[in-house]
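# Observations on the three-dimensional arrangement
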Amino acid sequence: MTDQKRPATEHVRCAICGTPFPDPEFARNYPNLVCRECDGLALTGGGDKPRHESAYDDGDNPVFIGGIKCWRRYRFGGFVTMRDSYNCGDISEFYERHGRVG
Ligand SMILES: [Zn+2]
């Protein structure tokens, strides 16, 4: 839908638990951003803890939080996790369909 077209004043909330982000300016840069707490529950499709290769800005994708498919963007030795609303095949399709904000 048009979920990502939010007014600038609206609180940006975790796409899974709905908790408002303490830093909405950051959160607004990513469609369907997931908070750290939910992110801690992420598992791979095989049910393992997701692997994160911080030295290479790489790791497992997609990941699943309570069975909800999410994509991770790995960069600068860290990552952000975003909820997939359309069951995308890869992260490029994710960005295409969710609209990159900012
Ligand atoms: Zn959350």
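Residues numbered from 1 in each chain as written. Predicted model: local features only at pLDDT ≥ 70, side-chain atom pairs only at ≥ 80, totals over all residues. Heavy atoms only, no water.

### Examining the side chain of T44
Assignment of secondary structure puts T44 in the loop between α2 (36-39) and β1 (52-53). T44 sits in the buried class, given a relative accessible area of 15%. Excluding anything up to four places from it in sequence, T44 contacts K49, P50, D60 and F64. (Helix = DSSP H or I, 4+ residues; strand = E, 2+ residues; numbered from the N terminus. Buried < 20%, exposed > 50% of the residue type's maximum accessible area, 1.4 Å probe, protein only. Contact = heavy atoms within 4.5 Å.)

### Examining the nonpolar core
Residues F21, L33 and M82 are the most contacted members of the largest nonpolar core, which totals 19 residues. Among the secondary structure elements, those contributing two or more residues to this core are β3 (63-65), β4 (68-75), β5 (78-83) and α3 (91-98). The contact partners of F21, leaving out residues within four places of it in the chain, are V12, R13, C14, A27, L33, V34 and C35. (Core = buried A, V, L, I, M, F, W, Y, C linked by side-chain atoms within 4.5 Å.)

### A look at the coordination of the zinc ion
Surrounding the zinc ion are the protein donor atoms C14 (SG), C17 (SG), C35 (SG) and C38 (SG), at 2.3 Å. For the zinc ion, all donor residues lie on one chain, and their spacing in sequence is C-x2-C-x17-C-x2-C. One end of the pair, C14, is in the segment before α1 (24-27); the other, C38, is in helix α2, with 24 residues separating them in the sequence. Grouping residues by exposure puts C14 and C38 together as buried. (Donors = N, O, S within 2.8 Å, 3.2 Å for Na, K, Ca; no water.)

### Quick notes on the sheet that holds β5
On the basis of which strands lie adjacent, the open sheet formed by three strands has the order β3-β4-β5 and antiparallel pairing. Each end of this open sheet is capped by a strand with a single partner; those strands are β3 and β5. With strand direction ignored, the average angle separating the axes of adjacent strands in the sheet is 40°. Two elements, β4 and β5, share six bridges in a ladder whose sense is antiparallel. What sits directly across from R75, in β5, is G78. (Pairing = 2+ DSSP bridges. Axes fitted to C-alpha atoms, helices over the stretch in contact; angles between N-to-C directions.)

### Some remarks on the confidence of the model for the protein chain
Scored by pLDDT, the protein chain comes out at a mean of 90, with 87% of its residues at no less than 70. When pLDDT is averaged over each element of the protein chain, β3 comes out on top at 98 and α1 at the bottom at 91. (pLDDT = per-residue confidence, 0-100.)

### Here's the deal with the packing of aromatic side chains
Here the structure, examined in full by the defined rule, presents three aromatic pairs. Each ring, one from F26 and one from Y30, has its centre 5.2 Å from the other, and the planes form 50°; the classification is tilted. Judged by relative accessible area, which is 38%, F26 ranks as partly exposed. Cation over ring: R36 sits above F79, and NZ or CZ is 5.6 Å from the ring centre. (Phe/Tyr/Trp six-rings, centres within 6.5 Å; stacked < 30°, edge-to-face > 60°. Lys NZ or Arg CZ within 6 Å of the ring centre and 35° of its normal.)

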